Amino acid sequence: MVSLICTLQDHRDDVNSCAFSAQLLATCSGDKTVRVYNSRDFSELAFSPLTGHGYSVHCCCFSACGQFLASCSTDATTVIWSMATGEIEAVLEHPGRSPVRICAFSPDSAHLVSGGSDGTLALWDFPSKQLHRHGSVKDTTIVACSFSPCSQVFVTGSTYGDLRLWDLDMNQLHAEKNAHDLGVTCCTFAPGILSGSQIVQFHLASCGQDSLLKLWVMNKLSSRAYRMQLLHTLTGQSAPVLSCSYSSDGQLLVSGSVDKTVTVYDAKNAVLLYTLNQHERYVTACSFSPTSPLIATGSMDNTVNIWRVEDGCSGHDGKSLPEESALTSSQGTTSAGRSKLLVADWSEEDVSVWLVEEGLGGLVDRFKANNIDGTELLSLTKETLASELHIESVGLRSKVLRKVEELKSESLCSGIPDEFLCPITRELMREPVIAADGYSYEREAIESWIHTKNRSSPMTNLPLLTTLLTPNHTLKMAIARWKTSQ
């Protein structure tokens, strides 16, 4: 059985990746932040969120001991964070200054690999934080990578659809062309190694835009010779499969899809066990805890769901779990029922619950006595707080108004049409301009991009034929009309 135990709702944009260590959970998002939680009660750590990136954060991963966290971003860097202090230990600039789409530690934490949107690969010596080797795959974007359990080889996946195996000197040992039609989205090695008298064997899972999850066996025939063979093709999801992850014992495999579902498989027998239906948009990330029976799944609905896997789950064939009410965890989250409402539609009871969550529980009785519901909450001013609610403390009045402004900002961000968001910053555009690639961006963001990214398109990674920017007056007026209607 799999049950939903907690929903984290702190991110203000798509959740792109999530990762467990023995004691922590990390998540990253298009809102440029990385958040870190205690995996025992999912309370957010004091130093979270981590805010060192300038653009969307695509991936995060822990070193084996959990002492360090790596995160990579459109800003062309991979940042190394200390999990003791939350401070930045190092900033690794990707070769060619290309946006970094993926990063992964080796199990022995000796190396870190990062992959760019221009097809470049960087292999870093982690103890020294120095570039060890770099290479590239032409005309593609590297979107997936995973080290083998022995830490001596790693696999990459690309939007071209191929899986490639590399050694630590960046020699390509094997290429599985067209592993996924339309592109690979994720790949991950199973944790175990099977070894015989002559052959060492690994298992690998990959998923892609073809809506398939594939299980492979990889045989090491010699130091430079490997052979890949497809074992199973899993078809439990009806749209592109964006992420996959093995449990720490290799017995279970979880995947997330554009069809908004999370599937859990018996990895050994390639049998679908559960289909989970809690997310409201694409499921972009999934991860098993290495020390407890927990799964984290991240989505474009800005949430991270935490699931508990009970013993004996293999006795259920393909059971679909109904949607259930999410519990809350960590400061800044709201109950699932209230989060689906506009603040203006909140009842007086919803306002009371919000006050308690924001550390303003002492005002509950006063707000109830004045029948403050969601609409009146949004219209509060310094004057009404003082004259009608009789809050004498200037500091307390300021805190209430600050929390209300945060609430307005969160409500605004959660409902912004995607076409009004700058593809680079993922923020509402104020001065939209059209670049030579035909896409619209916030002027300041694209000008900064052109200055630092050698005139490549943020969306296609192809060279911009000109740096001329044309104001998009139609889009600016549409944004203004939308803001007026809110």
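Residue indices follow the written sequence of each chain, beginning from 1 at its first position. Per-residue local features are limited, in this predicted model, to residues with pLDDT of at least 70; the limit for side-chain atom pairs, both in listing and counting, is 80 or more; totals at the level of whole chains, interfaces and linings are taken over all residues. Excluded from the side-chain calculation are hydrogens and water; included are all heavy atoms of the structure.

Colleague: Kindly report on the overall build of the protein chain, identifying the contributing residues and their values.
Modeller: On a plain count of helices and strands, the protein chain comes out with eight helices and 32 strands. Restricting the contact set of the protein chain to residue pairs at least 6 apart, pairs at least 24 apart contribute 46%. To measure how exposed things are, a 1.4 Å probe is used in the Shrake-Rupley method; for residues, cover is taken only from the protein chains shown. Carbon and sulfur atoms provide 49% of the accessible area of the protein chain, an area that totals close to 21300 Å². Every helix listed is a DSSP run of H or I at least four residues long, and every strand listed is a run of E at least two residues long, numbered separately from the N terminus. Contacts between residues were defined by any pair of non-hydrogen atoms, one from each residue, lying within 4.5 Å.

Colleague: Could you give an account of the sheet that holds strand β2 (residues 15-20), naming the residues involved and the relevant values?
Modeller: Only when DSSP finds a minimum of two bridges between them are two strands counted as paired. Pairing is antiparallel in the open sheet, where three strands are placed in the order β2-β3-β4. A single partner strand is all that each edge strand has here, and the edge strands are β2 and β4 (34-38). For this sheet the average axis-to-axis angle between neighbouring strands, irrespective of direction, equals 15°. The sheet contact formed by strand β3 (residues 24-29) and β4 spans five bridges and is antiparallel. Residue pairing in the sheet places Cys28 in a bridge with Val34 of β4. A fitted line through C-alpha atoms represents every axis, and for helices the fit uses only the stretch in contact; the resulting angles, taken between N-to-C directions, go from 0 to 180 degrees.

Colleague: Help me get a handle on the side chain of Asp350, residues and values and all.
Modeller: By the secondary structure assignment, Asp350 is in helix α2 (residues 348-357). N or O atoms within 3.5 Å of each other form a polar contact, as long as, within protein, one can give a hydrogen and the other can take it, and as long as residues adjacent in sequence are counted only when both atoms are side-chain atoms. A polar contact is formed between the side chain of Asp350 and the backbone nitrogen of Ser347, at a distance of 3.1 Å.

Colleague: Can you lay out the environment of His390 for me, pointing to particular residues and giving the numbers?
Modeller: Mapped onto the elements of the fold, His390 is located in the loop between α5 (382-387) and α6 (394-414). His390 gets classed as exposed once you look at its relative accessible area, which sits at 53%. A C-alpha to C-alpha distance of 8.6 Å links His390 and Arg366, two positions 24 residues apart in sequence. Beyond its immediate chain neighbours, meaning those up to four positions away, His390 contacts Arg366 and Leu385. To sort residues, take the accessible area from a 1.4 Å probe on protein chains only and compare it with the maximum for the residue type: under 20% means buried, over 50% means exposed, and anything in between is partly exposed.

Colleague: Give me the pairing of strand β28 (residues 304-309): which residues, what numbers.
Modeller: Counted residue by residue, β28 has five buried out of six residues, so it is predominantly covered. Across six bridges, strand β1 (residues 2-8) lies against β28 in antiparallel orientation. In the strand pairing of β28, Thr7 is matched with Asn305. As defined by bridge partners, strand β27 (residues 294-299) adjoins β28 across five bridges and the pair is classed as antiparallel. Looking at β28, one finds that Ile295 is bridged to Trp307.

Colleague: Can you explain the sheet that holds strand β7 (residues 77-82)? Please cite residues and give values.
Modeller: In space, the four strands of this open sheet follow the order β5-β6-β7-β8, with antiparallel pairing throughout. At either margin of the open sheet sits one strand with a lone partner, and together these are β5 (57-62) and β8 (88-93). Averaged over all neighbouring strand pairs, the angle between strand axes comes to 20°, with direction disregarded. Both β7 and β8 contribute to a ladder of five bridges, which runs antiparallel. Opposite Val79, over in β8, you have Val91 as the bridge partner.

Colleague: Give me the lowdown on the confidence of the model for the protein chain, citing residues and values where you can.
Modeller: The quantity called pLDDT is the predictor's confidence in a given residue, expressed from 0 to 100. For the protein chain, per-residue confidence averages 87 on the pLDDT scale, and residues scoring 70 or more make up 90% of the total. Segment residues 312-319: pLDDT under 50, and 17 contacts once partners within four positions in sequence are set aside and those in other chains are kept. In the predicted structure, residues 321-340 sits below a pLDDT of 50 and forms 54 contacts with residues beyond four places in sequence or in another chain.

Colleague: Describe the nonpolar core, listing the residues and the values that go with them.
Modeller: Judged by nonpolar contacts, the single largest core of 28 residues is most densely connected at Ala70, Ile80, Cys103, Leu112, Val113, Leu123 and Phe154. Of all elements in the fold, only β5, β6 (68-73), β8, β9 (100-105), β10 (111-116), β11 (120-125) and β13 (142-147) reach the threshold of two or more residues within this core. Looking at this core, the element that brings in the most residues is β9, giving five residues. When sequence neighbours within four positions are dropped, the list of residues in contact with Phe154 reads Val113, Leu123, Ser146, Phe147, Ser148, Arg164, Leu165, Trp166, Asp167 and Met170. Grouped together as the second largest cluster of nonpolar side chains are 21 residues, Met429, Val433, Leu475 and Ile479 included. Residues grouped as a nonpolar core are buried Ala, Val, Leu, Ile, Met, Phe, Trp, Tyr and Cys residues, joined through side-chain atoms within 4.5 Å.

Colleague: Tell me about the side chain of Ser71, and please be specific about residues and values.
Modeller: For Ser71, the position within the fold is in strand β6. A polar side-chain atom of Ser71 sits 2.9 Å from a polar atom in the side chain of Trp81. When near neighbours in sequence (up to four residues on either side) are disregarded, Ser71 contacts Val34, His53, Val57, Cys59, Cys60, Thr77, Thr78, Val79, Trp81 and Cys103.

Colleague: Give me the lowdown on unusual backbone geometry, citing residues and values where you can.
Modeller: A cis geometry characterises the amide bond from Ser48 onward to Pro49, with omega recorded as 5°. Its identity as a non-glycine residue notwithstanding, Arg97 has a phi of 55°, on the positive side. With respect to the helices and strands, the residue Arg97 is situated in the loop between β8 and β9. Not every positive phi belongs to a glycine, and Leu182 is a case in point at roughly 80°.

Colleague: Lay out the state of the cysteines with the relevant residues and their values.
Modeller: Note on disulfides: each one is a pair of cysteine sulfur atoms within 2.5 Å. One pass over the structure, following the stated rule, counts zero disulfides. The closest cysteine sulfur to the non-disulfide-bonded Cys103 is located on Cys72, 3.8 Å from its own sulfur. The exposure class assigned to Cys103 is buried, which follows from its relative accessible area of 3%. Of all cysteine sulfurs in the structure, the one in Cys187 sits closest to Cys145, which takes part in no disulfide; the separation is 6.8 Å.

Colleague: Describe the packing of aromatic side chains, with residues and values.
Modeller: Pairing of aromatic rings covers Phe, Tyr and Trp, the last through its six-membered ring, and needs centres within 6.5 Å; plane angles under 30 degrees mean stacked, over 60 mean edge-to-face, and all others mean tilted. Applying the stated criterion across every chain, the model contains six aromatic pairs. Measuring from centroid to centroid gives 4.9 Å for Phe105 and Phe126, while their planes differ by 85°, and the two rings are edge-to-face. Highlighted residues: Phe105 in strand β9 and Phe126 in the loop between β11 and β12 (130-136), separated in sequence by 21 residues. An angle of 75° between the planes, with centres 5.9 Å apart, marks the rings of Phe189 and Phe202 as edge-to-face. Separated by 13 residues along the polypeptide, Phe189 in strand β17 (residues 184-189) and Phe202 in strand β19 (residues 200-208) bring together distant segments of the chain. You can call Phe189 buried: its relative accessible area is 7%. Judged by its relative accessible area of 1%, Phe202 falls in the buried class. Clustering of aromatic rings is evident, with ring pairs tying together Phe68, Phe105 and Phe126.

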